[in-house]
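Next come the chains, spelled out residue by residue.
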Amino acid sequence: MSMRRTSSNVASSENESEKLAHAHQTHAHALSAKEVDTGAQMVAGLSAELDPIESARVRRKIDFYILPMMCSDSGYRIQFMDKTTLGSAAILGIEQDAHLTTSQLGTIFYLSYLLFEYPQNLALQRFPVGRWMSLNIFIWSIALACQAACSNFAGLFVCRFLLGMCEGSITAGFMIVSSMFYTRNEQTLRVGYWSQIISGFISFGSLHIHTKGFAPWQWLMIITGILTLITAVIYWFFFPDSPTTAWFLTPSERVTAVRRLKENQTGVENKHFKREQMIEALKDPKTWLFALFSALDNIPNSLTNQRQIIVSSFGFSTLNTTLLGCVDGFIEVATIWTGVTIASRIPNSRAYVGAIYFVPALVGVLMIEFLPWSNQIGLLFGIWLVDIGITGFVLSLSWLTTVTAGHTKRVTTNAIMLSAYCIGNAAGPFMWQSQYKPRNRIPWVVIGICYLLCPILLLVIRFMLARENARRDADPAVDEYEEFFIEKVSDDGKRVQVKIDKEFMDMTDKQNCDFRYVL
């Protein structure tokens, strides 16, 4: 159905003077379903105030069913744990057994991730989110477990390539799901729950498995592969695709879940690709500033696979190194939780909080550079302080979803930011050259420069968005307004046109003059 536009003069019916005083131009637009948000039909024509008590109850119900899958030992933790298996496997013997370096496989993983990131985002828009993520997690689990059977670079190359291809759907999928179920302030806290602490414990357990002809690193791959396979099954049956179809919500609760999102000015989703929104995303300066931040912030993320190797080089035994890896996870959980909690409670503080959390990371870099090599404890604490820098990236993920409207534009900006994430992660391993060992001074200098530039970028983004908000606030109010209508089947089976709110028009943040950027 094509769009049809009509216009008419609307005036009050009281008297002629009131007509002249209050007359204004109304533009009425009748739209097809594919042009608007998927939640538009569900809430079209509803004008009653949303009950805050009911809204809070529905939010708690959404938390109860979604957050365990996104935040527990499945979901994102399994995804992050998969990335750390290479570093864990390195100290368990994979480098010697398969005759390779972890930097080789780390780069392959992220180049594959980069290659498939945008196609994965398009698929997440086109297909049901939960089912698409489940399919990718299933392939991912098979590839992860198959690494146990690989004894050379070629076999591991194929497995890591498949892992990178599938992982592109996970972070992007969680970003989309968070924006579909939660308000902008709630998203900051929920995205911060994506973290992990269990990889170190599994590595420690694998170290104690002694079987003839089967090394500990192979058991690590099998165990994590099985956990990921279980996750895939859970996601297929239980992970929701959208609040409009969520199996655990009643029809009235689905309406409430969608209406909660009105304040976001971003709607739920739109399954149709809009070329003009993609072009807008490519022309939007903030898209590329977030991408630059993502690339720089993830060059140090090569520590994911190098951290345990570095800690081992400090003189710790393999047993102690695997146990100390658990501390990394605890520190990340604690710092991410405190960071997102502060950012969610203090209005417009995302950039400031993210910038502040880079300070201890810079202190950690200085400790590693200047402490004597004999100071094992000091160097170890330096490594742990560097871990705190991850908070800025977590905040940037939630921030990007809240300042981008229009589903195709959001999918495109997510893909660009995560592609930059891949570039940073793919480039990072090349720092860790054998000639720099054991102090690795050059890699740590690079990490320090990245962590110095990242907070500056966050503050620049905030300045730009604040300036745009001020410009929009200063714009004079127009003496025109638009009304939007969509065809809907009434309870008695008749087709009627009902009014929909502009918030569910799938408009971009540039198109919607009422949109204000959170800071």
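Computed from a predicted model, the values in this text were never measured in an experiment. (Residues numbered from 1 in each chain as written. Predicted model: local features only at pLDDT ≥ 70, side-chain atom pairs only at ≥ 80, totals over all residues. Heavy atoms only, no water.)

1. Details of the overall build of the chain
Here comes step 1: Within the chain, the secondary structure is distributed over 23 helices and four strands.
Here comes step 2: Burial statistics for the chain: of 519 residues in total, 56% are counted as buried.
Here comes step 3: In the chain, the share of contacts with a sequence separation of at least 24, taken over all contacts with a separation of at least 6, comes to 81%.
Here comes step 4: Element-wise, carbon and sulfur atoms account for 65% of the exposed surface of the chain, whose accessible area totals about 21500 Å². (Helix = DSSP H or I, 4+ residues; strand = E, 2+ residues; numbered from the N terminus. Buried < 20%, exposed > 50% of the residue type's maximum accessible area, 1.4 Å probe, protein only. Contact = heavy atoms within 4.5 Å. Areas by Shrake-Rupley, 256 points an atom, 1.4 Å probe, with all protein chains shown as cover.)

2. Points about the environment of Gly406
Here comes step 1: Topologically, Gly406 is positioned in the loop between α21 (390-402) and α22 (407-427).
Here comes step 2: Setting aside residues up to four positions removed in sequence, Gly406 forms contacts with Gln277, Asp506, Met507 and Thr508.

3. Regarding the packing of aromatic side chains
Centre distance and the angle of the planes are the two values used to describe a pair of aromatic rings.
Here comes step 1: Considering all chains together, one arrives at 21 aromatic pairs under this definition.
Here comes step 2: Measuring from ring centre to ring centre gives 5.1 Å for Phe64 and Tyr65, while their planes differ by 85 degrees; the resulting arrangement is edge-to-face.
Here comes step 3: In this structure Tyr65 comes out as partly exposed when scored by relative accessible area, which is 28%.
Here comes step 4: Within the aromatic cluster, the residues linked to one another by ring pairs are Phe64, Tyr65, Phe238, Trp247 and Phe248.
Here comes step 5: Above the ring of Trp236, the side-chain terminus of Arg131 is found at 4.2 Å from the ring centroid. (Phe/Tyr/Trp six-rings, centres within 6.5 Å; stacked < 30°, edge-to-face > 60°. Lys NZ or Arg CZ within 6 Å of the ring centre and 35° of its normal.)

4. A few points about the nonpolar core
The nonpolar side chains of a soluble globular protein tend to be buried, and buried together.
Here comes step 1: Of all hydrophobic cores here, the largest spans 97 residues; its most connected members are Ile62, Phe181, Phe239, Trp399 and Trp444.
Here comes step 2: In terms of residue count, the dominant contributor to this core is helix α23 (residues 441-474) (nine residues).
Here comes step 3: Filtering out sequence-adjacent residues up to four positions away, Trp444 remains in contact with Leu303, Ile310, Val365, Ile368, Glu369, Ile383, Val386, Trp432 and Arg439. (Core = buried A, V, L, I, M, F, W, Y, C linked by side-chain atoms within 4.5 Å.)

5. Section: the pattern of salt bridges
Side chains bearing opposite charge may pair, as long as their charged atoms lie close to each other.
Here comes step 1: For the coordinates displayed, the defined rule picks out 14 salt bridges.
Here comes step 2: Put simply, Glu369 and Arg441 hold a salt bridge, and the shortest N to O gap is 3.2 Å. In this pair, Glu369 is assigned in helix α19 (residues 358-370) and Arg441 in helix α23, connecting sequence segments 72 residues apart.
Here comes step 3: Judged by relative accessible area, which is 10%, Glu369 ranks as buried. (Salt bridge = Lys/Arg side-chain N within 4 Å of Asp/Glu carboxyl O.)

6. As for the environment of Gly389
Here comes step 1: Its place among the elements puts Gly389 in the loop between α20 (376-387) and α21.
Here comes step 2: Ignoring any residue separated from it by four or fewer positions in sequence, one finds Gly389 in contact with Asp297, Tyr357, Phe358 and Ala361.

7. Focus on the environment of Pro240
Here comes step 1: Position of Pro240 relative to the elements: it lies in the loop between α12 (216-238) and α13 (251-259).
Here comes step 2: Setting aside residues up to four positions removed in sequence, Pro240 forms contacts with Ile66, Met69, Gly130, Phe181, Ala246 and Phe248.

8. Regarding α20
Here comes step 1: An ideal rise of 1.5 Å per residue puts 16 Å on twelve residues; α20 measures up with 17 Å between its terminal C-alpha atoms.
Here comes step 2: Burial in α20 covers these residues: Gly378, Leu379, Leu380, Gly382, Ile383, Trp384, Val386 and Asp387. (Expected span 1.5 Å × (residues − 1).)

9. Looking at the confidence of the model for the chain
Here comes step 1: Averaged over all residues, the pLDDT of the chain equals 78, while 70% of them reach at least 70.
Here comes step 2: Looking at the elements of the chain, mean pLDDT is at its lowest for strand β1 (residues 4-10), recorded as 37, and at its highest for helix α15 (residues 285-298), recorded as 96.
Here comes step 3: In the model, residues 1-24 has pLDDT below 50 throughout and makes 29 contacts with residues more than four positions away in sequence or in other chains.
Here comes step 4: Within the model, the stretch residues 195-201 combines pLDDT values under 50 with 24 contacts to residues more than four positions away or in other chains. (pLDDT = per-residue confidence, 0-100.)

10. Things to note about unusual backbone geometry
Here comes step 1: Residues other than glycine seldom take positive phi values, yet Asn348 does so here, at roughly 55 degrees.
Here comes step 2: When you line up the elements, Asn348 lands in the loop between α17 (318-345) and α18 (350-356).
Here comes step 3: By relative accessible area, Asn348 is classed as partly exposed at 33%.
Here comes step 4: For Asn440, which is not glycine, the phi torsion reads 55 degrees and is therefore positive.
Here comes step 5: Counting through the fold element by element, Asn440 comes out in the loop between α22 and α23.
Here comes step 6: What makes Asn440 buried here is its relative accessible area of 5%.

11. Considering the packing of helix α7 (residues 129-146) against helix α9 (residues 170-181)
Here comes step 1: Taken N-terminus to C-terminus, the directions of α7 and α9 make an angle of 155 degrees; their axes are 10 Å apart at the nearest point. Looking at the two axes, α7 sits roughly antiparallel to α9. Once α7 is placed against α9, the crossing between them reads as left-handed. For the pair α7 and α9, contact is made by Val129, Met133, Ile137 and Trp140 and by Ile170, Gly173, Phe174, Ile176, Val177 and Met180, respectively.
Here comes step 2: For the contact of α7 with α9, the class distribution of residues is nine nonpolar, one polar and no charged. (Axes fitted to C-alpha atoms, helices over the stretch in contact; angles between N-to-C directions. Parallel < 35°, antiparallel > 145°, perpendicular 65-115°, else oblique. Left-handed = near helix turned anticlockwise from the far one by under 90°. Nonpolar A, V, L, I, M, F, W, Y, C, P; charged D, E, K, R; others polar.)

12. Some thoughts on the packing of α15 against α21
Here comes step 1: At a minimum axis distance of 11 Å, the contact between α15 and α21 shows a crossing angle of 155 degrees. The angle between α15 and α21 falls in the class roughly antiparallel. Crossing geometry of α15 relative to α21 is assigned as left-handed. Residue-level inspection shows Phe290, Phe293, Ser294, Asp297 and Asn298 of α15 in contact with α21, the latter providing Gly392, Phe393, Ser396, Trp399 and Leu400.
Here comes step 2: Residue classes in the contact of α15 with α21 are distributed as five nonpolar, four polar and one charged.

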